[in-house]
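Descriptive analysis of the structure
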Amino acid sequence: MPSPDVKSLPSQVTTPDVQLGLRANWQQFALLVLVNVFVGGMVGLERSIVPLLGQQVFGLASTTAVLAFIVSFGIVKAASNLFAGRLSDRIGRKGVLITGWLVGLPVPFLIIFAPTWGWVVFANVLLGINQGFCWSTTVIMKIDLVGPVRRGLAMGINEAAGYGAVSLAAIAAGYLAATYALRPQPFLLGVVFAVAGLLLSIFFVRESQGHARHEAALLARPSGQAAEAAQQATDQATQQHIAPSFKEIFLLTSWKDRRLFAVSQAGLVNNLNDGLAWGLFPLFFAASGLSIAQIGLLAGIYPGVWGTAQLFTGALSDRLGRKGLIVAGMLLQGTAIISLPFLHGFALWAVAMMLLGLGTALVYPTLLAAISDVAHPEWRASAVGVYRLWRDSGYAIGALLAGVLTDLFGVPWAIVGIGLLTILSGVVVKIVMSETLPRIRFAQ
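Everything numeric here is computed off the predicted structure, so don't read it as measured data. (Residues numbered from 1 in each chain as written. Predicted model: local features only at pLDDT ≥ 70, side-chain atom pairs only at ≥ 80, totals over all residues. Heavy atoms only, no water.)

Glancing now at the overall build of the chain. When its secondary structure is counted, the chain shows 19 helices and two strands. Counting over 444 residues, the chain shows a buried share of 62%. Summarising the internal contacts of the chain: among those between residues at least 6 apart in sequence, 88% fall at separations of at least 24. Roughly 16000 Å² of accessible area belongs to the chain as shown, and the carbon and sulfur atoms make up 68% of that amount. (Helix = DSSP H or I, 4+ residues; strand = E, 2+ residues; numbered from the N terminus. Buried < 20%, exposed > 50% of the residue type's maximum accessible area, 1.4 Å probe, protein only. Contact = heavy atoms within 4.5 Å. Areas by Shrake-Rupley, 256 points an atom, 1.4 Å probe, with all protein chains shown as cover.)

What follows deals with the environment of Asn25. Along the polypeptide, Asn25 turns up in the loop between strand E1 (7–8) and helix H1 (26–44). Along the sequence, Asn25 and Val146 sit 121 residues apart, while their C-alpha atoms lie 7.4 Å from each other. Among residues more than four places away in sequence, those in contact with Asn25 are Gln19, Leu20, Leu145 and His211. Within the local environment of Asn25, its side chain forms a polar contact with the side chain of His211, the two groups lying 3.2 Å apart. (Polar contact = N/O pair within 3.5 Å; in protein donor to acceptor, adjacent residues only side chain to side chain.)

This part is about the side chain of Arg93. As for its placement among the helices and strands, Arg93 is situated in the loop between helix H4 (68–91) and helix H5 (94–104). With relative accessibility at 2%, the residue Arg93 sits in the buried group. Engagement of the side chain of Arg93 in a polar contact is seen with the backbone oxygen of Ser88, the distance being 2.6 Å. With residues near it in sequence (within four places) discarded, Arg93 still touches Ser88, Thr137, Ile140, Met141, Asp144, Glu207, Ser208, Gln209, Ala212 and Ala381.

Core analysis: the biggest nonpolar cluster contains 122 residues, and Trp101, Leu276, Phe281, Phe285, Leu298, Met353 and Ile415 have the highest contact counts within it. If sequence neighbours within four positions are ignored, Phe285 has contacts with Leu290, Ile295, Leu298, Trp349 and Met353. (Core = buried A, V, L, I, M, F, W, Y, C linked by side-chain atoms within 4.5 Å.)

Under the criterion given, the structure shown has 10 salt bridges. In this structure, Lys77 and Asp392 form a salt bridge, with 3.3 Å as the shortest nitrogen-oxygen distance. Linking Lys77 in helix H4 with Asp392 in helix H18 (residues 380–409), this pair joins segments that are 315 residues apart in sequence. This pair shows no difference in class: Lys77 is buried, exactly as Asp392 is. The partner of Asp144 in a salt bridge is Arg93, with the nearest N and O atoms 2.8 Å apart. Linking Asp144 in helix H7 (residues 117–146) with Arg93 in the loop between H4 and H5, this pair joins segments that are 51 residues apart in sequence. Of the two residues, Asp144 and Arg93, neither departs from the other in class, the shared state being buried. Linked through salt bridges whose partners overlap, the residues forming this network are Asp89, Arg93, Asp144, Glu215 and Arg380. (Salt bridge = Lys/Arg side-chain N within 4 Å of Asp/Glu carboxyl O.)

Take helix H9 (residues 185–203) next. Here H9 contains 19 residues, and its C-alpha end-to-end distance of 29 Å stays within 8% of the 27 Å for a straight helix at 1.5 Å per residue. The secondary structure elements touched by the buried residues of H9 are H1, helix H2 (50–56), H5, helix H6 (107–113) and helix H8 (151–179). (Expected span 1.5 Å × (residues − 1).)

Before going further, it helps to examine the layout of surface pockets. Its volume calculated, the second largest pocket comes out at about 220 Å³. Of all the elements, H1 adds the most residues to the lining of the second largest pocket, at four residues. The residue inventory of the lining of the second largest pocket, partitioned by class, reads six nonpolar, six polar and three charged. (1 Å grid on protein atoms, 1.4 Å probe; cavity = no way out; pocket = protein on both sides within 12 Å on 5 of 7 lines; lining within 4 Å. Points joined across faces, edges and corners; volume = space filled by probe spheres on them. Nonpolar A, V, L, I, M, F, W, Y, C, P; charged D, E, K, R; others polar.)

As a further point, take the confidence of the model for the chain. The share of residues in the chain with pLDDT of 70 or more is 90%, and the mean pLDDT across the chain is 85. When pLDDT is averaged over each helix and strand of the chain, the minimum, 36, is found for E1 and the maximum, 97, for helix H16 (residues 323–339). Confidence over residues 440–444 falls short of pLDDT 50; this stretch has 22 contacts with residues more than four positions distant or in other chains. (pLDDT = per-residue confidence, 0-100.)

The next thing to look at is unusual backbone geometry. The omega torsion of the bond from Arg183 to Pro184 falls at 10°, within 30 degrees of zero and hence cis. Looking at where Pro184 falls in the secondary structure, it is placed in the loop between H8 and H9.

Two descriptors summarise a pair of aromatic rings, namely the distance from one centre to the other and the angle between the planes of the rings. Scanning the entire structure with this criterion turns up 15 aromatic pairs. Where Trp255 meets Phe261, the ring centres are 5.1 Å apart and the plane angle is 70°; that geometry is what we call edge-to-face. According to the relative accessible area criterion, Trp255 is exposed, its value standing at 61%. Taking 5.3 Å as the distance between ring centres and 50° as the angle between the ring planes, the aromatic pair formed by Phe285 and Trp349 counts as tilted. Remark: Trp349 occurs in helix H17 (residues 346–374) and Phe285 occurs in helix H14 (residues 281–287); sequence separation between them is 64 residues. For Phe285, a relative accessible area of 2% puts it in the buried group. According to the relative accessible area criterion, Trp349 is buried, its value standing at 4%. Every member of this aromatic cluster is reached through a ring pair, and the members are Trp135, Tyr163, Tyr302, Trp306 and Tyr364. If you follow Lys77 out to its NZ or CZ, it ends over the ring of Trp135, 5.6 Å from the centre. (Phe/Tyr/Trp six-rings, centres within 6.5 Å; stacked < 30°, edge-to-face > 60°. Lys NZ or Arg CZ within 6 Å of the ring centre and 35° of its normal.)

See the structure below:
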């Protein structure tokens, strides 16, 4: 699978004081979960009120113009994921995490004091870097710590914390906006999130790259059950002595490996419809007569169910496998999205948002676990970065597509079109992807 232009890996020596596993590393794992709560909170503040800010405060008439802040966020976050993954492999994880928080500090202030919509768009450029660096790094560090046995569970916990925070922050922002104003009160929470995340990352988070090297060493010199696992269960054993170039990693993750291609396209479409939910749903609900508080609650239900259910779906993928959950999740998401224009009233829309959240929960941690199943520990962070590049490109593509379709055909057609695209992505996974879950793993 790797191309001829590969480099020999340096020999790794197992470190006696490094242990893999959730139980052995629970304190650092829990700390990283808390850090990811603040990461999710930063973006959650925007999900219910920033589109309304564009229309009501800055007087934007074009839906495409309103959604420009998501386009800027998606493009920059996608690129930041790529750099975060590669930098994590080269210089370590912690420095990338701290850098992300430093870039995120000005975001709430820029939105609070923005005299024009351009300031909000620029704030989302910085937010994209913050999310790309911080969320990618917390994902990579948790994968490092737990090893191969509980990846699905680890990703479920990580994404549950992050998107649970997205949900609560969206609801809180909607409440503050309804009680006071669209700004500054909702964004004062962002100041607290950024400062807390930065301080925890500087003073308490520890570097985890040594755990990845320890796992690579176990793969390189397996014995007993480890040998059987490496030979029978994973493709990693065939790559244990060589590291692909970054170009090859990019091509493997994007296209050449059918499993990684299926995962990457599903991630892109998943966040494409999330961009729709973020940018267009508040406008759709507002045009239907809902209050800001109701819009905030609907905006929170979707990531709330998404976040909570991932505690179960991630662990479920460790038992049942990745492919089935991804296919089911994409089909459920598409169906829930298509149903929205045909439903009327807060209660029915709330049910649709719950189903959309459940479908996303089936997919989100499972895709990350599948990437980790296939990629070798020595270049896993880079592969995760490439996957997250494609996944978060969906924000920008979804916002642009939703804006153009809305301006041309109206909101209902935009929603239905993106729902159909989501169903098509699930069909692609069903046809192209083979199961990635190793049946036997080396002993930790």
